[in-house]
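As a plain string of letters, each chain reads:
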Amino acid sequence: MKIFAAEFIKSCVTPEQFPSGQLHEIAFVGRSNVGKSSLINSLLNRRDLAKVSRTPGKTRAVNVFLISTSDPALSQFHLVDLPGYGFAKVSKSVRTQWGPLLEDYLVDRAPLLGVVMLVDSRVVTDQDRQTIAWLRSIRRNPLVVATKVDKLKPSERVRTLRQTHRALGLAEGEMLIPYSSVTGDGRERVWGALRDVAGSLRKDLA
Ligand SMILES: Nc1nc2c(ncn2[C@@H]2O[C@H](COP(=O)(O)OP(=O)(O)O)[C@@H](O)[C@H]2O)c(=O)[nH]1
Ligand SMILES: [Mg+2]
């Protein structure tokens, strides 16, 4: 699969600014510093499309990118980079921590086709669990990706990923895709999963 184009469209801070039009959207969520910007750049083969920031919690906007690829199921779509969570107090609900903009987007957004949720392959937080539960409750079953797997020693990789899978409360057959933005490990699997998400929709419509 070739990526023909990947361009930044806009930053939205109110729902009115969300793009109009019919393009489907795939959104990426995860706590700050989980490696979301790096993963987006790595998926798209772009060095600096989604700014890789060392300052946690800096990005509070909904950032929209227009992607076109050679895959018929993903020929044109919006990739949406959502603000990170995890910089507010753990005791508050996901809703107040994360803000109404995110809730508006994830609950109501009609063009939203799939949600990719990133977790650190080594560290699962309560907020990660709460976010997965909340996404399920609003019928946005996330595709879960475990980041930074290059940091795992080969000898501990399988065990750690199994622990993470369990700590997230994922069911036996549910996917947890290991990913490294440093090595590109997992890149084809994530694209494959996105293709499946887009492909199943095409069948629904047929
Ligand atoms: N070793 C390693 N470091 C990573 C990986 N992905 C991100 N990082 C580092 O983790 C930090 C946070 O990454 P960033 O993409 O800005 O996270 P974001 O806040 O979720 O967008 C940066 O220092 C990255 O270089 C990865 O796959 N492997
Ligand atoms: Mg970022």
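All of these numbers come straight from a predicted model, not from anything done at the bench.

**Section: the pattern of salt bridges**
Enumeration over the complete set of coordinates arrives at 9 salt bridges. The partner of Glu-25 in a salt bridge is Arg-109, with the nearest N and O atoms 2.6 Å apart. You can see Glu-25 sitting in strand 2 (residues 25-30) and its partner Arg-109 sitting in the loop between helix 3 (100-108) and strand 5 (112-120), a full 84 residues away along the chain. Comparing Glu-25 with Arg-109 shows no difference in burial state: the two are buried. Close ionic contact of Arg-157 with Asp-185 constitutes a salt bridge, the shortest N to O distance being 2.8 Å. Of the two residues, Arg-157 is situated in helix 5 (residues 157-167) and Asp-185 in the loop between strand 7 (176-178) and helix 6 (187-205); the sequence distance between them amounts to 28 residues. Since its relative accessible area comes to 26%, Arg-157 is described here as partly exposed.

**Here's the deal with helix 5**
Residues of helix 5 that are buried: Thr-160, Leu-161, Thr-164 and His-165. Projected down its long axis, helix 5 carries its buried residues within an arc of 140 degrees, all on one side. Turned more than 90 degrees off the buried face of helix 5, the exposed positions are Val-158, Arg-159, Arg-162 and Arg-166. Elements that come into contact with the buried residues of helix 5 comprise strand 5, strand 6 (143-147) and strand 7.

**What about the packing of aromatic side chains?**
Per the stated rule, a full pass over the model turns up 3 aromatic pairs. With a centroid separation of 5.3 Å and an interplanar angle of 80 degrees, the aromatic rings of Phe-18 and Tyr-105 are classed as edge-to-face. Highlighted residues: Phe-18 in the loop between strand 1 (3-12) and strand 2 and Tyr-105 in helix 3, separated in sequence by 87 residues. You can call Phe-18 buried: its relative accessible area is 10%. Its relative accessible area of 1% is what places Tyr-105 among the buried residues. Where Phe-77 meets Trp-191, the ring centres are 6.4 Å apart and the plane angle is 80 degrees; that geometry is what we call edge-to-face. One end of the pair, Phe-77, is in strand 4 (residues 76-81); the other, Trp-191, is in helix 6, and 114 residues separate them in sequence. We note that Phe-77, like Trp-191, is buried.

**What about the sheet that holds strand 3 (residues 62-69)?**
The 7 strands are arranged 1-3-4-2-5-6-7 in an open sheet whose pairing can be described as mixed. The open sheet has two free edges, formed respectively by strand 1 and strand 7, since each of these has just one partner strand. Each strand axis lies, on average, 25 degrees off the axis of its neighbour in the sheet, ignoring direction. Looking at chain direction, strand 2 and strand 4 are connected through 4 bridges and run parallel. Paired with Ala-27 across the strands is Val-80, a residue of strand 4. Running at roughly 130 degrees to strand 5, helix 3 makes contact with strand 1, strand 2, strand 3, strand 4 and strand 5 of the sheet.

Here is what the cut-offs are and how they apply
- Throughout this document, residue positions are counted from 1 along each chain, in the order its sequence is written.
- For naming, the first written chain is A and the first written ligand is 1, with later ones following in the order written.
- Restriction of local features to residues with pLDDT of at least 70 applies here, the model being predicted, together with a cutoff of 80 or more for giving and counting side-chain atom pairs; totals for whole chains, interfaces and linings are based on all residues.
- Values reported for side chains reflect all heavy atoms of the structure, with hydrogen atoms and water molecules removed beforehand.
- When a carboxyl oxygen of Asp or Glu lies within 4 Å of a side-chain nitrogen of Lys or Arg, that pair is called a salt bridge.
- Numbered from the N terminus, helices here are DSSP runs of H or I no shorter than four residues, and strands are runs of E no shorter than two.
- Relative accessibility under 20% of the residue-type maximum defines a buried residue, over 50% an exposed one, and the middle range a partly exposed one, all with a 1.4 Å probe and only protein chains included.
- Along the arc lie the directions from the helix axis toward the C-beta atoms.
- Any two residues whose heavy atoms approach within 4.5 Å at even a single point are treated as in contact.
- Classification of ring pairs uses Phe, Tyr and Trp, with its six-membered ring standing for Trp, and accepts pairs whose centres are within 6.5 Å; under 30 degrees between planes counts as stacked, over 60 as edge-to-face, and the remaining range as tilted.
- Two strands are counted as paired when DSSP detects at least two bridges linking them.
- Axes here mean lines fitted to C-alpha atoms, for a helix over just the part in contact, with angles spanning 0 to 180 degrees between N-to-C directions.

Scope: geometric values only; no functional claims are made or implied.
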